[in-house]
Amino acid sequence: MGFVFAILHWTAFLLQIIFATVCVASGLFYLTEMIEEYAGISKQIFKWSQVVVGTSFVVLFLFEDTGIIHLFFGLAMIGVAFLVLQHYPCIDMFSLRFVGLIVLMVINHITAYYFFRDRFLSFSQIIGYFTLCVWLVPLQLILGLVAGENVLPTTATGASGSGLNY
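Residues numbered from 1 in each chain as written. Predicted model: local features only at pLDDT ≥ 70, side-chain atom pairs only at ≥ 80, totals over all residues. Heavy atoms only, no water.

Across its full length, the protein holds five helices and two strands. Element order for the protein, N to C, with α for helix and β for strand: α-α-α-α-α-β-β. Split into buried and exposed, the 166 residues of the protein put 25% on the buried side. Sequence separation of 24 or more characterises 65% of the internal contacts of the protein that already satisfy a separation of 6 or more. (Helix = DSSP H or I, 4+ residues; strand = E, 2+ residues; numbered from the N terminus. Buried < 20%, exposed > 50% of the residue type's maximum accessible area, 1.4 Å probe, protein only. Contact = heavy atoms within 4.5 Å.)

So this is what it looks like as structure tokens:
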């Protein structure tokens with residue numbers, strides 16, 4: 001009797017994982033389409049979300065004792081994200097700023113992991129922190145990479161001095 005329920009359980013579990021993955025992928029695809037269509041509004045939303053996340057780091061430092069190292073790397077990530085946002089929608093993912101943002105995101109993730117390792121908080125509090133303070137800003141800029149596809153070509157000067165159109 002338990003064997004059939006076990007098969008039913010694992011089959012349903014795999015289907016739920018597949019459906020959840022498809023839903024997340026569809027949602028991200030829709031977000032990238034909106035970012036590509038409304039690049040100016042997207043830039044403003046990105047800027048204000050970075051302000052909110054940076055303020056959250058300061059408030060958490062003051063009231064929840066997250067530590068100075070955690071505050072430093074969080075604000076450094078937000079600062080580099082502001083530098084990356086200056087060139088929006090033409091974000092070069094191989095630029096030093098963008099690579100620095102990804103490195104700081106990883107360091108911020110590691111410091112958050114060590115912070116929550118020593119504290120007993122609910123799963124929803126931990127995932128809320130990671131979603132808003134660790135993953136939101138880099139995910140926005142990664143999704144914003146598609147907005148640069150609608151930028152018109154520019155003119156560059158070649159070695160012969162003549163203007164080349166790309």
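What follows deals with the nonpolar core. Ranked by internal contacts, the top residues of the largest apolar core, which has 28 residues, are Phe57, Tyr88, Leu101, Tyr129 and Leu141. Broken down by secondary-structure element, the contributors of at least two residues to this core are helix 2 (39–64), helix 3 (68–85), helix 4 (96–117) and helix 5 (123–143). Discounting chain neighbours no more than four positions away, the residues touching Tyr88 are Ile35, Ala39, Ser42, Lys43, Phe46, Gly144 and Ala147. (Core = buried A, V, L, I, M, F, W, Y, C linked by side-chain atoms within 4.5 Å.)

A word on unusual backbone geometry. Not every positive phi belongs to a glycine, and Asp65 is a case in point at roughly 55°. Relative to the helices and strands, Asp65 resides in the loop between helix 2 and helix 3. Relative accessible area serves as the criterion here: at 55%, Asp65 is assigned to the exposed category.

Turning our attention to the pattern of salt bridges. Side chains that differ in sign of charge can pair as their charged atoms come close. Throughout the structure, instances matching the rule amount to one salt bridge. Residue Asp118 pairs with Arg117 through a salt bridge whose shortest N-O separation is 3.6 Å. Classification of Arg117 as partly exposed rests on a relative accessible area of 48%. (Salt bridge = Lys/Arg side-chain N within 4 Å of Asp/Glu carboxyl O.)

What follows deals with the confidence of the model for the protein. Looking at the protein, pLDDT values average 85 and 88% of them are 70 or higher. Confidence drops under a pLDDT of 50 for residues 162–166, and excluding neighbours within four residues, the segment shows 13 contacts in the predicted structure. (pLDDT = per-residue confidence, 0-100.)

The next thing to look at is helix 5. Its 21 residues place the ends of helix 5 only 26 Å apart at the C-alpha level, less than the 30 Å of an ideal helix rising 1.5 Å per residue. The largest bend along helix 5 reaches roughly 55° and is located at Trp135, with the proline Pro138 sitting one to four residues downstream. Residues Tyr129, Phe130, Cys133, Val134, Val137, Pro138, Gln140, Leu141 and Leu143 constitute the buried set of helix 5. On its buried face, helix 5 is in contact with helix 1 (2–37), helix 2, helix 3 and helix 4. (Expected span 1.5 Å × (residues − 1). Bend = angle between axes of the 7 residues up to and from the residue.)

Another aspect to go through is a nonpolar patch on the surface. The grouping of Tyr30, Met34, Tyr38, Ile41 and Ile45 at the surface amounts to a nonpolar patch, some 520 Å² of accessible area in total. At the level of elements, helix 1 and helix 2 are the ones that each hand at least two residues to the nonpolar patch. The residue Tyr30 is located in helix 1 in this model. (Patch = residues over 30% accessible without salt bridge, like charges linked within 9 Å, V, L, I, M, F, W, Y side chains within 5 Å. Areas by Shrake-Rupley, 256 points an atom, 1.4 Å probe, with all protein chains shown as cover.)

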